[in-house]
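Structural characterization, general
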Amino acid sequence: MSHHWFPVPSRTDRIEIIPPSSLSADTLYTLLTAADRQEWKNKVGVTSPADGSAKVTTRLLCSGRWVFKTDESHRGKEAEEIRNRHKRLRKLAQNIPLWHPDKTWFLLVVDDWYWPVTACPLLSTLRSLPSPLARLDYWLRCLEWALELSAVHHLGLDLNPANFAIDAEQPQRIYYIDDETYPALTLQDIAEAIVGRIPEEQEVSTADWYQWGKSLRVQL
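Please read all numbers here as calculations on a predicted model, not as lab measurements. (Residues numbered from 1 in each chain as written. Predicted model: local features only at pLDDT ≥ 70, side-chain atom pairs only at ≥ 80, totals over all residues. Heavy atoms only, no water.)

1. Let's talk about the pairing of strand β3 (residues 58-63)
Counting buried positions over the 6 residues of β3 gives 6, a clear majority of the element. The two faces of β3 match: Thr58, Leu60 and Cys62 on one face and Arg59, Leu61 and Ser63 on the other face are all buried. In the sheet, strand β2 (residues 38-39) pairs with β3 via 2 bridges, with the strands oriented antiparallel. Paired with Glu39 across the strands is Leu61, a residue of β3. Of the strand pairs in this sheet, β3 and strand β4 (residues 66-71) are connected by 6 bridges, and their pairing is antiparallel. Opposite Thr58, over in β4, you have Asp71 as the bridge partner. (Buried < 20%, exposed > 50% of the residue type's maximum accessible area, 1.4 Å probe, protein only. Helix = DSSP H or I, 4+ residues; strand = E, 2+ residues; numbered from the N terminus. Pairing = 2+ DSSP bridges.)

2. A few points about the nonpolar core
As a rule of thumb, soluble globular proteins bury nonpolar side chains together. Core analysis: the biggest nonpolar cluster contains 37 residues, and Leu98, Trp99, Phe164 and Trp212 have the highest contact counts within it. Put simply, the parts of the chain that give this core at least two residues each are α2 (79-95), β5 (104-110), α3 (132-153), β9 (164-167), β10 (170-176), α4 (187-197) and α5 (206-219). Among the elements that make up this core, the one with the highest residue count is α3 (9 residues). Contact partners of Trp99, with chain neighbours within four places excluded, come to Leu89, Leu92, Ala93, Trp105, Arg173, Tyr175, Tyr176, Ile177, Asp178, Asp179 and Thr181. Judged by nonpolar contacts, the second largest core, of 21 residues, contains Val67, Val110, Trp115 and Val117. (Core = buried A, V, L, I, M, F, W, Y, C linked by side-chain atoms within 4.5 Å. Contact = heavy atoms within 4.5 Å.)

3. Describing the packing of α3 against α4
Packing of α3 against α4 leaves a shortest axis separation of 12 Å and a crossing angle of 170°. As the angle between them shows, α3 and α4 are arranged roughly antiparallel. Along the contact surface, α3 presents Arg135, Trp139, Leu143 and Leu147, while α4 presents Ile190, Ala193, Ile194 and Arg197. Classifying every residue of the contact of α3 with α4 gives 6 nonpolar, no polar and 2 charged. (Axes fitted to C-alpha atoms, helices over the stretch in contact; angles between N-to-C directions. Parallel < 35°, antiparallel > 145°, perpendicular 65-115°, else oblique. Nonpolar A, V, L, I, M, F, W, Y, C, P; charged D, E, K, R; others polar.)

This is how it looks when you write it as structure tokens:
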């Protein structure tokens, strides 16, 4: 019986990939069982402005510059429902470029439990950017992108800056790194996200917030 906080497969055939995938089952097994893998317990059950997931059931693992994510509350004894949900997300990723193109969806079988897992290249979240003004600039772009997705595809994103990230080699491209999507955004969703953000950025001056608000008004 496994006692790992993040589920670890006992062998390669305990991994079921949802195609298409940039990673093979052998590669996933090697990463998940690597001696230097790191369970990110410190990034789970945190609240803003900490970088991570507020859900205590989330499980995060970093290995070989890949980040693995699953949720204990989403595991199950029957594979079909979990498999179908993952297939829907994989199809969504093919139709709408929300996530990094190398992101991989797979099922992991550990102790007769089926875990829905994703693997994404290690990226820099907006919260981790050192410049407050750079964080605001990127977040403005995230809001614009989220509003467009909501209007065109009736798809809602979690607007927490911890759910958006960039690749240092392509800093102009923003990726969504949360695994969850939601119904189309409402004006209240946008307003609550903005109001909740202001006290987190204490280094930002009133004048800079004013200019940011003017830019936001143009976007809206």
